[in-house]
Amino acid sequence: MLTTEFRKLLQLHRKPQLNQLGFMGSDHHFRKNSDEHFIYTLVIQGNRYGGSCIMELGMHLDFLPIGLNGKADIHNLTVYDCEFRKRIEAGIPWTQKIFGPIQTQARWFEYGKSKADAIRTINRMYKVFKVRGLEYFEQFRGFPDPILSITLEQLKAERGKQQISMGAPQNLRLALIIARTHEFVGDLDSSLKFAEWGLNQLGQAPGLKPYFEELISRIKQKKPLF
């Protein structure tokens, strides 16, 4: 089955279910706004070779720019714009785990050959999403704690379970996000601490330098002298 045909079935059989959960969108891009600055997104991404798809989740904060240039429209945000991203894979069948070898393709949701096969896949995807997808988004509740609970000491150490579970970006970009969040909630001292640490860690990767410098300059202008 072609991806275009599968997406038509998604429109009919999956979109209404996602709408009931508060996710609005097209046949493969969906988005849900929370009341805590968190924006939740879902994309059903077709395999470039056809015949299967995978679900990818994203979370973005509504006060952050999109990407480094901030030019994208926050109202048309997709997973690909989000700072936090994670995939939901189909999983490896137990027989393959035992008898192997594990193939990459087994991680994708197969469309199947018929309409009935595709609908079974869509139903399975929805069941998986209701558990693992909603569990992922549940991590982002109680703003700003999910972001500000990540300490500078954690960033200095190896990438931890919390960052992995959240699908967080690499530590320097995450430091910029945390610094911006501290600024947003009015904790300028903490914002400056994260921003200065990030700036000092750039080394031979200066792409984030102007964003850290801009943030540091803005914070220093806001902070009282005494």
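Parameters at a glance
Residues numbered from 1 in each chain as written. Predicted model: local features only at pLDDT ≥ 70, side-chain atom pairs only at ≥ 80, totals over all residues. Heavy atoms only, no water. Core = buried A, V, L, I, M, F, W, Y, C linked by side-chain atoms within 4.5 Å. Buried < 20%, exposed > 50% of the residue type's maximum accessible area, 1.4 Å probe, protein only. Helix = DSSP H or I, 4+ residues; strand = E, 2+ residues; numbered from the N terminus. Contact = heavy atoms within 4.5 Å. Pairing = 2+ DSSP bridges. Salt bridge = Lys/Arg side-chain N within 4 Å of Asp/Glu carboxyl O.

A.B. asks: Which parts of the structure should I look at to understand the nonpolar core?
C.D. replies: Among soluble globular proteins, nonpolar side chains are generally buried collectively. Met55, Phe84, Phe129, Ile147 and Leu155 are the most contacted members of the largest nonpolar core, which has 53 residues in total. Broken down by element, the residue count for this core peaks at seven residues, all from helix α4 (residues 115–138). Once residues within four sequence positions are removed from consideration, leucine 155 is found in contact with Ile150, Gln163, Asn171, Leu174, Ala175, Ile178, Phe194 and Trp197.

A.B. asks: Looking at this model, I keep getting lost on the pairing of strand β2 (residues 29–33). Mind explaining?
C.D. replies: Residues in a regular strand project their side chains so that they alternate between the two faces of the sheet. Where strand β1 (residues 24–25) and β2 come together, two bridges link them in antiparallel fashion. Looking across to β2, one finds that glycine 25 is bridged to phenylalanine 30. Between β1 and β2, which pair antiparallel one after the other, the connecting turn spans three residues. When β2 meets strand β3 (residues 38–46), the two strands line up antiparallel, connected through five bridges. Of the residues in β3, the one forming a bridge with phenylalanine 30 is leucine 42. The turn linking β2 back onto β3 is made up of four residues, and histidine 37 within it adopts a positive phi angle of 75 degrees.

A.B. asks: Which parts of the structure should I look at to understand the pattern of salt bridges?
C.D. replies: A side chain of one charge can pair with a side chain of the opposite charge when the charged atoms of the two come close. Scanning all chains against the criterion turns up ten salt bridges. The salt bridge partner of glutamate 56 is arginine 87, with a shortest N-O separation of 3.9 Å. Of this pair, glutamate 56 sits in strand β4 (residues 52–61) while arginine 87 sits in strand β5 (residues 84–88), placing them 31 residues apart in sequence. Looking at glutamate 56, the relative accessible area reads 8%, which means it is buried. When its relative accessible area of 40% is taken as the criterion, arginine 87 is described as partly exposed. Ionic pairing is found between arginine 218 and glutamate 214, a salt bridge with its closest N-O pair at 3.8 Å. Here glutamate 214 and arginine 218 lie together in helix α10 (residues 209–222), a separation of four residues that amounts to about one turn.

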